[in-house]
Amino acid sequence: MPQTLTAPRRLHSIRDTVPTVDQVTVEERAAAFTKRSIKTSAKLAGLKMVVSMMDLTSLEGKDTPGRIAYLCHKAMQPMEPKYEVPSCAAVCVYPNMVRYARRFLGQKPVVKIASVATGFPSGQYPLRSKLEETRRALVEGADEIDMVIDRGAFLAGDYRKMFDEIAAVKAACGAAHLKVILETGELVTYDNVRLASQIAMEAGADFIKTSTGKVQPAATMPVTLVMLEAIRDYFFATGLRIGMKPAGGIRTAKQSLAYLVMVKETLGDDWLTPDLFRLGASTLLNDVLMQIVKTVDGQYQNADYFSLS
Amino acid sequence: MSALRLEVRKTYKLFIGGSFVRSESGRSLCAKSASGELLDNFCHASRKDLRDAVAAARPAADGWAKKSAYLRGQILYRAAEMLEARAPAMTEEIARSTGAASAQARAEVTLAIDRLVYFAGWTDKFAQVFGAVNPVASSHFNFSIPEPTGVVAVLAPDEPSLLPVISLAAPAVLTGNSVVVIASERFPLPALTFAEILVTSDLPGGVINILAGKRGELLPHLAGHKDINAIVNASGVEEMERELQAGTAINLKRYASRKMTAKDWFTEAAENPYWIADTVEFKTAWHPIGL
C-alpha cells in the first residue's frame, strides 16, 4: 500500500481517468437489492452478521463517560446470551471519549474503539490540528480513526490538498486503521463520490465511509453502490482490498440486510467480514435485535423490552 | 349505450396509518351479501398487514394521547358529522351487505352517529369519573388518574356490521389509545366504508386502523404481539376467547371480552362507560403536603 503514498497519479487530470456514473442505472440497480426475500435461518444469520459488523456509534455533544460505558457494554453484549448474538465490531466515539471507552473495554477487547478525528464533522480545520487530534486519539487508545475529508477543498478542485491530508493522517495513524469519510451528502453528484473514493483509496484509506451522520442525506443505497464499485475497480487494478462503511440513515433491520446483499453481489463473500465491511449506526442495533428475537421466539416485539439505544 | 357500459367496481382496501393500502400478501376475498351474491372484492389482511397496522398505531398513540381531551372530543364529533353527511351511502352499504331492510340499516347508522357523539362527550369527563383523590393516613395528597394503555386491538363481531366497530373503538380511542380493528368477517364492507369517513374527519393517521380478512388467521399473532397493549374481543367465538387469553398471558396485556348478542348492540348495553376503563392504566401519585 505505501507505494500509493509516494507515487500519486497526476491529480490534476485524475478526473479524466475516473469513470463517470450513470445516475439512472445506479439507482435502479441499488433499488433492485432491496427486493431480495431473505427469510428464517438466512435472515437470522444475516442479522447476526449485521451486528458483528456494526460500529455502534454515539457522536453527540451530550456524551458523558457514563453514556460511553453504557455504549461499550451494549456493544460487547447486545443481547442476553441465549440468543447467541455476537459483539459489535467497534464503538465509534469522539476523541475525548476514547479514554473512557478504553477504560471500560480494557486492553484486549473484543470490541474495537474507533474515534472520529480531523475536525469532525466539517473538516474545516488546519492540518496541524487534524494531525494532533489523530495522534491524541491514538495515544488515548483508539484502534481506528474515522477522518473526514476537506469537502471544501475537494469541491474547489483542490484534489492535491485532499490527497495530501489523507496521506498525512494515514502516516500519523501508523498501524491503526484509517476510515475516510467522504460525506457524500455534500458531494452533490455520483461522479464526485466516485472521484473522491478513488482519491481516498490512492491516498491510503483502509476504509471509505459515506457520511458523518450529521448531514442529510447520509448513507443511501445508490451512493454506497458507487463506492463499492470504486472499491471493486481499485481491487482489480491494484489487488488491494479496501473496506466500506456506510453510516447514517440505516435504521431498520431490513435496510441493513439489503446492504449486505449489495456488498455480496458487488464485491463477493470476501468482503462480508468486519475487517472489510462495517455499518455505522446508533439506532439500528435495537431494530436488528428485535428482529432476531422475533425470528427466534416467533412473536412481534415491543421496544419497551429492549435497552435504550 | 348504458347497456354496454362496464360497471367500475372498487376493491375495498385496508385502512392502515391513515391511508388505504392493499394487503402486503396481494390476496383478496369476495364480499358476499347475506343471500350469497357477490358484492365486491376486498383485501385479505395477512399477519404482516397486522404488523404494519400496529407499527402505524404505535407512534400515532403518542401524538393522539398528547392532544387535549377537548380536541379529541372535537375530532370524534367531527367523525360523527362526516358520518351524518354520508348517512345515505352508509345505509345503502349496510343494506346491500347484510340484507337488512333500508329502515333498519338507516336506524343502525343513526345510532352509530349518536354513539360517536356520546363517546366524544366522554373525552373530557372520564378522568374525573374514573380518577379519584384517595384518602391516605400520611400527609400526602394522593390521587389516581387514568391514562391510555397504548395500542388496542379490537375484534368486531360478524353482526351488526358497523355499530360494534364504533361502539368498541370509540371508548378505547377517546382516552388517547390507538386501535387496530379487525372488522366483521362476514360483512366487512360497512367497516371499510367507515374508514373512508374517518379519513376525512381530522383524525390523525394511525389512530384507528381497520383490517378485514379472516380472524382465525390473525389471532395467534394478535395474542402474542408484544406491541399490542390490550385486546377487546367481541367476536363471540368461544375458541378464540381461549386462544387469546392464553396468548395474552405471555406479555400480560389487558384483555376484555364483550359478550353481546346482535340485538344488544342497539341497546344501552353498548354505551357502557366502564368499557372506557378497560383500556386505561391508572397512575397514582403521592404528593407531599403540609410539612
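Just so you know, these numbers come straight off a predicted model, no measurement behind them.

Let us now look at the overall build of chain A. On a plain count of helices and strands, chain A comes out with 13 helices and eight strands. Taking 2.2 N^0.38 as the reference for a compact globule, 309 residues should give roughly 19 Å; the C-alpha atoms of chain A span a radius of gyration of 19 Å, in line with that estimate. For the C-alpha atoms alone, the extent of chain A along its principal axes is close to 60 × 45 × 30 Å. When burial is assessed residue by residue, chain A has 48% of its 309 residues classed as buried. Long-range pairs, those at least 24 residues apart, make up 76% of the contacts in chain A between residues at least 6 apart in sequence.

This paragraph deals with the sheet that holds strand β5 (residues 132-134) of chain B. All names here are of chain B. With antiparallel pairing, three strands are arranged side by side in an open sheet as β5-β6-β12. The sheet is open, and its two edges are formed by β5 and β12 (280-288), each paired on a single side. The mean inter-strand angle of the sheet, taken between neighbouring strand axes irrespective of direction, is 25°. The pairing of β5 with strand β6 (residues 140-148) spans three bridges and is antiparallel. Within the sheet, the bridge partner assigned to N134 lies in β6 and is N142.

Contacts between chain A and chain B engage five residues on the former and seven residues on the latter. Considering only residue class, the side of chain A that touches chain B consists of two nonpolar, three polar and no charged.

Take helix α8 (residues 215-224) of chain B next. All names here are of chain B. Within the span of α8, buried status applies to R215, L218, L219, L222 and A223. Each buried residue of α8 lies within a common arc of 130° when the element is viewed along its axis, so the set occupies one face. Close packing links the buried residues of α8 with α1 (47-66), β7 (151-155), β8 (178-182), β10 (230-233) and α9 (238-251).

This next bit is on the environment of D227 of chain B. Residue and element names in this part refer to chain B. Tracing the backbone shows D227 in the loop between α8 and β10. Here D227 falls in the buried class, since 21 other C-beta atoms lie within 10 Å of it. Spatially, the C-alpha atom of D227 lies 33 Å from that of T267, the residues being 40 residues apart in sequence.

What follows covers the packing of helix α3 (residues 23-32) of chain A against helix α11 (residues 221-238) of chain A. Residue and element names in this part refer to chain A. Closest axis-to-axis distance for the α3/α11 pair is 8 Å, and the angle between their directions is 105°. Considering their axes alone, α3 and α11 lie roughly perpendicular with respect to each other. Contacts from V26, E27, R29 and A30 in α3 reach M221, P222, L225 and V226 in α11. A class-by-class count of the residues in the contact of α3 with α11 yields six nonpolar, no polar and two charged.

Moving on: the sheet that holds strand β4 (residues 144-148) of chain A. Residues and elements named next belong to chain A. The strand order β7-β6-β5-β4-β3-β2-β1-β8 describes an open sheet built from eight strands, whose pairing is parallel. Taken across any chain shown, the strands that pair with only one partner, and hence form the sheet edges, are β7 (243-245) and β8 (279-281). For this sheet, the mean angle separating the axes of adjacent strands, direction not counted, is 25°. Relative to β7, strand β6 (residues 207-209) runs parallel, the two being bridged by three bridges.

Now for the confidence of the model for chain B. When the pLDDT values of chain B are averaged, the result is 95; 99% of them are 70 or greater. Reported for the predicted complex are a pTM of 0.87 and an ipTM of 0.79.

Attention now goes to the pairing of strand β11 (residues 254-257) of chain B. Two faces make up the sheet, and in a regular strand the side chains alternate between them. Residues and elements named next belong to chain B. Sheet analysis places β10 next to β11, joined by four bridges and oriented parallel. Pairing of N233 across the sheet is with S257, part of β11. Considered for its hand, the β-α-β crossover made up of β10, α9 and β11 is right-handed.

Further remarks concern the nonpolar core. Core analysis: the biggest nonpolar cluster contains 99 residues, and M54, V91, A101, V180 and A200 of chain A have the highest contact counts within it. Broken down by element, this core gets its largest block of residues, nine residues, from α11 of chain A. Apart from the residues lying within four places of it in its own chain, the contact partners of A200 of chain A are I149, I166, V180, L182, A205 and I208 of chain A. Core analysis: the next-biggest nonpolar cluster, separate from the first, contains 86 residues, A45, L211, L222 and W265 of chain B among them.

The subject of this paragraph is the environment of K32 of chain B. Residues and elements named next belong to chain B. Counting through the fold element by element, K32 comes out in strand β3 (residues 28-32). With 14 C-beta atoms packed within 10 Å, K32 lands in the partly exposed category. When near neighbours in sequence (up to four residues on either side) are disregarded, K32 contacts E37, L38 and L39.

In this section: the pairing of strand β5 (residues 177-181) of chain A. Residue and element names in this part refer to chain A. Of all five residues in β5, four are buried, a share of seventy percent or more. Pairing of β4 with β5 involves five bridges; the strand directions are parallel. Looking at β5, one finds that E144 is bridged to H177. Bridge count between β5 and β6: three bridges; the pairing is parallel. Along β6, the bridge assignment pairs K179 with F207.

In this model, chain A carries a mean pLDDT of 93, and residues with pLDDT of at least 70 account for 96%. Counting interchain partners and residues more than four positions distant, the pLDDT-below-50 stretch residues 1-7 of chain A has six contacts.

Moving on: the environment of L138 of chain A. Residue and element names in this part refer to chain A. As for its position among the elements, L138 is in helix α7 (residues 127-140). The spatial distance from the C-alpha of L138 to the C-alpha of G174 is 9.5 Å, given a sequence separation of 36 residues. Here L138 is in contact with C173 and A176, once residues within four sequence places are set aside.

Cut-off values and rules
- Residues numbered from 1 in each chain as written.
- Chains lettered and ligands numbered in written order.
- Predicted model: local features only at pLDDT ≥ 70, side-chain atom pairs only at ≥ 80, totals over all residues.
- Helix = DSSP H or I, 4+ residues; strand = E, 2+ residues; numbered from the N terminus.
- Rg over C-alpha atoms; globule rule 2.2 N^0.38 Å.
- Buried ≥ 20, exposed ≤ 12 C-beta atoms within 10 Å, placed from the backbone.
- Contact = placed C-beta atoms within 7 Å.
- Pairing = 2+ DSSP bridges.
- Axes fitted to C-alpha atoms, helices over the stretch in contact; angles between N-to-C directions.
- Nonpolar A, V, L, I, M, F, W, Y, C, P; charged D, E, K, R; others polar.
- Arc of directions from axis to C-beta.
- Parallel < 35°, antiparallel > 145°, perpendicular 65-115°, else oblique.
- pLDDT = per-residue confidence, 0-100.
- Right-handed = clockwise from strand over helix to strand, strands pointing away.
- Core = buried A, V, L, I, M, F, W, Y, C linked by C-beta atoms within 7 Å.

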